[in-house]
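# Observations on the model geometry
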Amino acid sequence: MNQTSPVSSNYKKLLEKISFLAIQSKGSFPVTLIAVSKRQSVDAIEELYRLGQRDFGENYVQELITKAEELNRRGCHEIRWHFIGHLQTNKVKSLIPWVSCVHTVDSTRIAQELAKKWVIAGREGRLPVFIEVNTDREETKSGVNPDEVLPLCEKIAQYPVLEVLGLMCIPPLEGDPTSRFKDLAALERRLRPYSQGMLSMGMSGDFATAIAEGATHIRVGTALFGPRIS
């Protein structure tokens, strides 16, 4: 493997930066880097895998499955696939055999379907999930409003095969995301013991701010892979 490739160089620099930022952060957990591989090549994903990366994120169910099957054929058996896009109930069954974590639970219906299909598929243990929060109550965005999170947590607690790790958000593209990250962290603390202290927040442009505010999972794509394949 070419250790001087752009992906390799970006990965090394990103890990160093995450390590540096985590030392100074407000978080109580290590920071998990999720390499967002949406519209990236299987070769690039395999390159990162050979460098030691194990957590990858996809936005679309079929793209995740296609890549997972090919990478499995290539011997990349230890990938943990994180689903980070809007999830429809009719896609859950096909996702379940491959997924390790769902970051976008935003309704009782999705939670119920995930729990049901997890059991039917015979998956062991519990499925880790994050509740997606629409921090700005934007009509065009997925996620539950902040005041709807606790009732949803109480509903999800009825499904013993699901484990709510914490909360996830995607702040508006414009403006400083700090206040949104602070609000998400404060909301998560109020949800315990339903929540386990985790925060999925921060992408290529704002992961440093997210880590400073306690992010435990950051979702980085273009800063790692470069531009997406059209």
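Relevant structure appears above.
One structure accompanies this document, and this report is about it.

What counts, and at which threshold
- Residues numbered from 1 in each chain as written.
- Predicted model: local features only at pLDDT ≥ 70, side-chain atom pairs only at ≥ 80, totals over all residues.
- Heavy atoms only, no water.
- Helix = DSSP H or I, 4+ residues; strand = E, 2+ residues; numbered from the N terminus.
- Expected span 1.5 Å × (residues − 1).
- Buried < 20%, exposed > 50% of the residue type's maximum accessible area, 1.4 Å probe, protein only.
- Contact = heavy atoms within 4.5 Å.
- Core = buried A, V, L, I, M, F, W, Y, C linked by side-chain atoms within 4.5 Å.
- Phe/Tyr/Trp six-rings, centres within 6.5 Å; stacked < 30°, edge-to-face > 60°.
- Lys NZ or Arg CZ within 6 Å of the ring centre and 35° of its normal.
- Lys, Arg positive; Asp, Glu negative; His and termini not counted.
- Salt bridge = Lys/Arg side-chain N within 4 Å of Asp/Glu carboxyl O.

### Details of helix α3 (residues 61-73)
Helix length check: α3, at 13 residues, gives a terminal C-alpha distance of 19 Å against a target of 18 Å (1.5 Å per residue), a fit within 8%. For α3, the complete set of buried residues consists of Val-61, Glu-63, Leu-64, Ile-65, Lys-67, Ala-68 and Leu-71. On its buried side, α3 packs onto α2 (42-50), β2 (55-58), β3 (80-83) and α4 (92-95).

### Re the nonpolar core
Grouped together as the largest cluster of nonpolar side chains are 65 residues, with contacts concentrated most on Leu-114 and Leu-162. Judged by nonpolar contacts, the second largest core, of 5 residues, contains Cys-101, Phe-130, Leu-165 and Met-168.

### Here we look at the packing of aromatic side chains
Counted according to the given criterion, the structure contains 1 aromatic pair. Arranged with centres 6.0 Å apart and planes meeting at 45°, the rings of Phe-56 and Trp-81 form a pair that is tilted. Of this pair, Phe-56 sits in strand β2 while Trp-81 sits in strand β3, placing them 25 residues apart in sequence. Judged by its relative accessible area of 0%, Phe-56 is buried. Above the ring of Tyr-49, the side-chain terminus of Arg-54 is found at 3.8 Å from the ring centroid.

### Concerning unusual backbone geometry
At the junction of Arg-192 and Pro-193, the peptide bond is cis and its omega measures out at 10° in the coordinates. Structurally, the position occupied by Pro-193 is in the loop between α7 (178-191) and β7 (198-200). The phi dihedral of Arg-39 is positive, around 55°, even though this residue is not glycine. Tracing the backbone through its elements, the reader meets Arg-39 in the loop between β1 (32-36) and α2.

### Topic: the side chain of Asp-106
Topologically, Asp-106 is positioned in the loop between β4 (99-105) and α5 (108-120). For Asp-106, which is buried and forms no salt bridge, the nearest opposite charge comes from Arg-109, at a distance of 9.6 Å. With sequence-adjacent residues up to four places away left out, Asp-106 is seen in contact with His-86, Glu-132, Ser-142, Gly-143, Val-144 and Leu-152.

### Side note on the pattern of salt bridges
Under the criterion given, the structure shown has 13 salt bridges. The salt bridge partner of Lys-67 is Glu-63, with a shortest N-O separation of 2.7 Å. Of this pair, Lys-67 and Glu-63 both sit in helix α3, 4 residues apart, which is roughly one turn of the helix. Residue classification places Lys-67 among the buried positions, given a relative accessible area of 6%. With a closest N to O distance of 2.9 Å, Glu-70 and Arg-74 form a salt bridge. Note on Glu-70: relative accessible area 23%, which makes it partly exposed. Residue class for Arg-74 comes out partly exposed when judged on its relative accessible area of 28%. Each member of the salt-bridge network shares a partner with another, and the members are Asp-43, Glu-46, Arg-50, Glu-70, Arg-73 and Arg-74.

### Re the environment of Tyr-60
Structurally, Tyr-60 can be placed in the loop between β2 and α3. By relative accessible area, which is 47% here, Tyr-60 ends up partly exposed. Residues Tyr-60 and Val-149 lie 89 residues apart in sequence; the distance between their C-alpha atoms is 24 Å. With residues up to four places along the chain from it excluded, the contact list for Tyr-60 reads Lys-38 and Phe-83.

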